[in-house]
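Here's the letter readout for the chains.
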Amino acid sequence: MKRKLSTIFMILATVFVVGFCSLYMTREFTKADNFSRMSDMWSLFVFNDSTKRALFHEVNMDDFVDAPYPVRGDSLISVGGLPATKENYFSLFGTDTPRGQEFDIEFSHGDSVYTTVIATHTIPKALQVQVWLMIILRTLIVFGLISVALWGFIKQPYSSAVLTLSLFCFAMALQFTVAVSSIADVYAGFNLPMISLTLVYIFSAFTAPLFLKLQLLFPVRNSVYNKHRIIYNLLIFLPIVIITPMVMFMHMEQFIWGNVVSTVMLLLGYVLLGRNYKKATVFLEKRQTRLVLLGAGPGLIIYVLFGWFIQFSREVFTELPVVTRMLVGNILFLIILTIPVSLGYAFGKYRLLQVEGRLKRGTRFFAVNFFLLAVFAGVLWGVGELLLEKIGINSQTPILILGIVLAFFFMSLQRQIRHKIEEYFYPERAKLRVLMKDFLASSMARTESAKFWEELEEKLADGLSAEKIYPVLRVTGKEFFTVDLDEPAPFTPGDAFIRRLESKDNPLLFDEMIASGKITLSSEQREWFIKRKSAILLPLVTTSGLLGFLVISSKTNGEDFTSEELELLESFSTQTALVAENLELLGERLEKEKLEEQLKVARNIQQGILPGNIPSVPGIEISALIRFCLDVAGDYYDIIPLEDGRVVLSIGDVSGKGVGAALLMANLQASLRTAQAMGASLSESAAKINKLVYENTPSDMFITFFMICIDPEKKRLRYVNAGHNPPFLVESDGHERMLTKGGLLFGVVENAQYEEGEVSLRNGDMILMYTDGVSEAMDSNDEEFGEKQIAHIVARNRELPLDELLSLIEKEVSIYHGSSSYSDDFTLLAARIRN
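Residues numbered from 1 in each chain as written. Predicted model: local features only at pLDDT ≥ 70, side-chain atom pairs only at ≥ 80, totals over all residues. Heavy atoms only, no water.

Participant: Where do I start with the packing of aromatic side chains in this structure?
Facilitator: Both the distance between ring centres and the angle between the ring planes are used here to describe each pair of aromatic rings. Overall, the coordinates contain 41 aromatic pairs when judged by the stated rule. Linked through ring pairs, Phe35, Trp42, Phe45, Phe47, Phe56, Tyr89, Phe90, Phe93, Phe103, Phe107, Tyr114 and Tyr187 together constitute an aromatic cluster. Positioned over the ring face of tyrosine 470 is lysine 468, at 5.3 Å from the centre of the ring. One Lys or Arg, arginine 532, reaches over the ring of tyrosine 470 and ends 5.6 Å from the middle of that ring. (Phe/Tyr/Trp six-rings, centres within 6.5 Å; stacked < 30°, edge-to-face > 60°. Lys NZ or Arg CZ within 6 Å of the ring centre and 35° of its normal.)

Next up, the structure:
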């Protein structure tokens, strides 16, 4: 029931706050729009309707057509013939007043009364910029606070801390909605009912007590408060409940007491926040409270102090020009804008150190530049006074030249000052920066990837006082990651964690990642990180993608990492990734050069074992043609004349490439020649070669092979086909047959047996052998040339000399393929029986 009531209350509060703030800020935009478009006189007045006069607070000389001109403090008596009351003034100058319209005005200076003429004109640009800037900043603050409140309520609707945060943000949003208005209500496009303003005042009065209560619940619930919640809540909220009705009666004393109570509660809340920070033992809680201290605290304190300044020194503030007053207000709003940002990130438990670092950097930048600006203005004023009073120079040119010179000087000086501040307050950061810079500079000359990562681990661990650094790198061309270049890691390119690193390359703190629930990890990945005491995960991303990431373990001294260290790591990661990518590319190039050298050796071996010249064999015409592709050393053929007049022809294709394939080919040739010298049959030779290949090569390496023994005297041939493309036997009458008998390709089964085929020959019969580089050459549609086309070419041109026939086949294949460069070696071997 309690949860249901709190949910209903929050829904009603959300509807009211969002609705009112939207309407009110829309009304403010209509005021600014009308104010910007209207024509008016832009001298500013303080009206006193009891005397029916107005004092000139600021005099804009552009208002007046001619002399006499009033000065600050003169009294406006009448405008356009009407007494100078606020009502009469706004009846003459409204949104429909045309530009250039003239009015007679009467004003007094001392005891004298003067009459002059003013002409309306558009708003001065400086004032227009400040008006719109104030509207925009207020809108950002208001809806930033509302967004934090809604996000918190949606995320954890039943958390006391989050509900208190949401109500605090709502109350503060209402306060900033109605607290400041730089434009008169007469320019508004519409008005709001008074009852809504009353409810807003009551709700916003609870800003301070809600902030105080929030510090009793954030980042963890206070144990004393938990025991005495009723008493604490009464002490926090009862004073506001009593004072608020009294203030609504507009009695000054009670109004001041209301401010006193609110100020005391805000200060108490800030003190409690500081105490929570000191007592926090968990790094995440320390970061949360520190972020609120740095982000929300200064804005709240300055807001309270400014309120008290206006309370007691309103006259001093109103003496300032209106543009200056608005500038001060906008600077205040810029500072206050950090409140919703810091609260949102603190309760979201994500990117806390990054936001803290930006707040610190922005504060340093603002402080240094504000100081230099004050010096700049002081120097210009002093020089101006010197030129005017001592030397008598009235020209503005020397001041302008000095201003330009000082501007360039201060631009350089502010960077130096910020650098000195950093060295003084953050010496460890300066040391770490130098260490990283030196390491990266020395890494440019490295060629060994393993050495680079080894030294990076050592240097970075030393600079950060981290226990260990783990480089987790993606294996080139693979779908997995390794640690320290060899140990497998439980990450794949498709998982949620890796996708997050690829999309955003900023460092991640492991505890924030887990607590915020922003990234989902598998149980294996979580355990992997915990085992290594992971603190920071640093992505290594280049334009070509994610190379990997660094896992930085917790510090050896038990301290947390700082925002300054995280900033340095963020810039370091980009440079490291570039160096790593260059090393990877260099490694690939060296590997390519090594492979090319191996292929060159392989090609030399291959060419060395091929017949230099076709031997002359009586009764047989023999021709061969081989074309090498760029990177494969796999095709082979041989011609072995025997002493009895027979000849053995062989052709093969070794899987794989490089020196290994070439050496296997050389062994194959030696084995075949040895077997034939010993008088072994083709089937026996095939069995021995197969066993040799099986026992001495990897399982993924094999050979397709065809060998034929031709006896030209007896006109007979014997052959064995070991899984090779079946050669064509084209008889003299044009009849074709395929030579298929044999067995498995070499290297698949250890004790494979091979069958010999035997064929009778006649004069003019021809045998054509080829490798798959010929039949599998493809056209632009990825269609193979095919065995049928080879057979067709041979059948039509069987009478041609063999050299011409093989050249014709090569030409037809090249035309079909569209190029003479092939993806595989291209080999043809032919023999024809002659008288």
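Participant: Sorry, what's going on with the packing of helix H1 (residues 2-37) against helix H4 (residues 160-179) here?
Facilitator: When two helices pack together, their arrangement is given by the angle between the helix axes and the distance between those axes. Axis separation between H1 and H4 bottoms out at 10 Å; the angle between their running directions is 20°. Between H1 and H4, the angle is such that the two are roughly parallel. For the crossing formed where H1 meets H4, the hand is left-handed. The segment H1 lies against H4, with Ser6, Phe9, Met10, Ala13, Thr14, Phe16, Val17, Phe20, Cys21, Tyr24 and Met25 engaging Leu163, Ser166, Leu167, Phe170, Ala173, Leu174, Thr177 and Val178. In terms of residue class, the contact of H1 with H4 is built from 15 nonpolar, four polar and no charged. (Axes fitted to C-alpha atoms, helices over the stretch in contact; angles between N-to-C directions. Helix = DSSP H or I, 4+ residues; strand = E, 2+ residues; numbered from the N terminus. Parallel < 35°, antiparallel > 145°, perpendicular 65-115°, else oblique. Left-handed = near helix turned anticlockwise from the far one by under 90°. Contact = heavy atoms within 4.5 Å. Nonpolar A, V, L, I, M, F, W, Y, C, P; charged D, E, K, R; others polar.)

Participant: In this structure, what is going on with the sheet that holds strand E24 (residues 766-770)? I would like to understand it.
Facilitator: Pairing between sheet strands relies on hydrogen bonds along the backbone, with the strands arranged either parallel or antiparallel. Taken in spatial order, the five strands of this open sheet run E15-E25-E24-E20-E21, and their pairing is antiparallel. Strands with a single pairing partner mark the edges of an open sheet, and in this sheet they are strand E15 (620-627) and strand E21 (736-738). Averaged over all neighbouring strand pairs, the angle between strand axes comes to 15°, with direction disregarded. Where E15 lies against strand E25 (residues 826-833), eight bridges are found, and the strand directions are antiparallel. Directly across from arginine 627, in E25, lies its bridge partner phenylalanine 826. Across the sheet, helix H24 (residues 787-796) lies against strand E20 (728-730), E21 and E24, angled at about 150° from E24, the strand it touches most. Along the sheet, helix H25 (residues 802-817) contacts E15, E24 and E25; its crossing angle with E15, the most-contacted strand, is approximately 30°. (Pairing = 2+ DSSP bridges.)

Participant: Whenever I open this one, helix H11 (residues 322-336) confuses me. Can you help?
Facilitator: It helps to recall that an α-helix has 3.6 residues per turn; residues three or four apart then point in one direction. In this model, H11 (15 residues) spans 21 Å end to end at C-alpha, consistent with the 21 Å of a helix rising 1.5 Å per residue. Those residues of H11 lying buried are Val322, Met326, Gly329, Asn330, Leu332, Phe333 and Ile336. Viewed end-on, H11 has its buried residues packed into an arc of 160°, placing them on one side of the element. Of the surrounding secondary structure, the elements contacted by the buried residues of H11 are strand E2 (44-48), strand E3 (53-58), helix H3 (125-155), H4, helix H10 (283-318) and helix H12 (338-348). (Expected span 1.5 Å × (residues − 1). Buried < 20%, exposed > 50% of the residue type's maximum accessible area, 1.4 Å probe, protein only. Arc of directions from axis to C-beta.)

Participant: What exactly am I supposed to notice about the pattern of salt bridges here?
Facilitator: Close approach of charged atoms lets side chains of opposite charge pair. Inspection of every chain in the model, using the stated rule, returns 26 salt bridges. The shortest N-O distance in the salt bridge between glutamate 487 and arginine 532 comes to 2.9 Å. In this pair, glutamate 487 sits in strand E11 (residues 487-489) while arginine 532 sits in the loop between helix H19 (523-531) and strand E13 (534-542), placing the two residues 45 residues apart along the sequence. Residue glutamate 487 is classed as partly exposed on the basis of its relative accessible area of 36%. A salt bridge links glutamate 731 to arginine 737, with the nearest nitrogen and oxygen atoms 3.3 Å apart. Note on arginine 737: relative accessible area 34%, which makes it partly exposed. When salt bridges with common partners are traced through the structure, they connect Arg287, Asp511, Glu512 and Asp560 into a single cluster. (Salt bridge = Lys/Arg side-chain N within 4 Å of Asp/Glu carboxyl O.)

Participant: Help me understand the environment of glutamate 567, please; the structure alone is not making it clear to me.
Facilitator: Residue position: glutamate 567 is located in helix H20 (residues 563-609). Classification of glutamate 567 as buried rests on a relative accessible area of 19%. Note: C-alpha distance between glutamate 567 and glutamine 354 (213 residues apart in sequence) is 7.3 Å.

Participant: Could you clarify how one ought to interpret H19 in this entry?
Facilitator: Every buried residue belonging to H19 is among Gln525, Trp528 and Phe529, and all of these are buried. In an axial view of H19, the angular spread of the buried residues amounts to 95°, which keeps them on one side of the axis. For H19, exposure combined with an orientation more than 90 degrees from the buried face picks out Ser523, Glu524, Glu527 and Lys531. Count one or two residues on from H19 and you reach lysine 533, which has phi positive near 50°.

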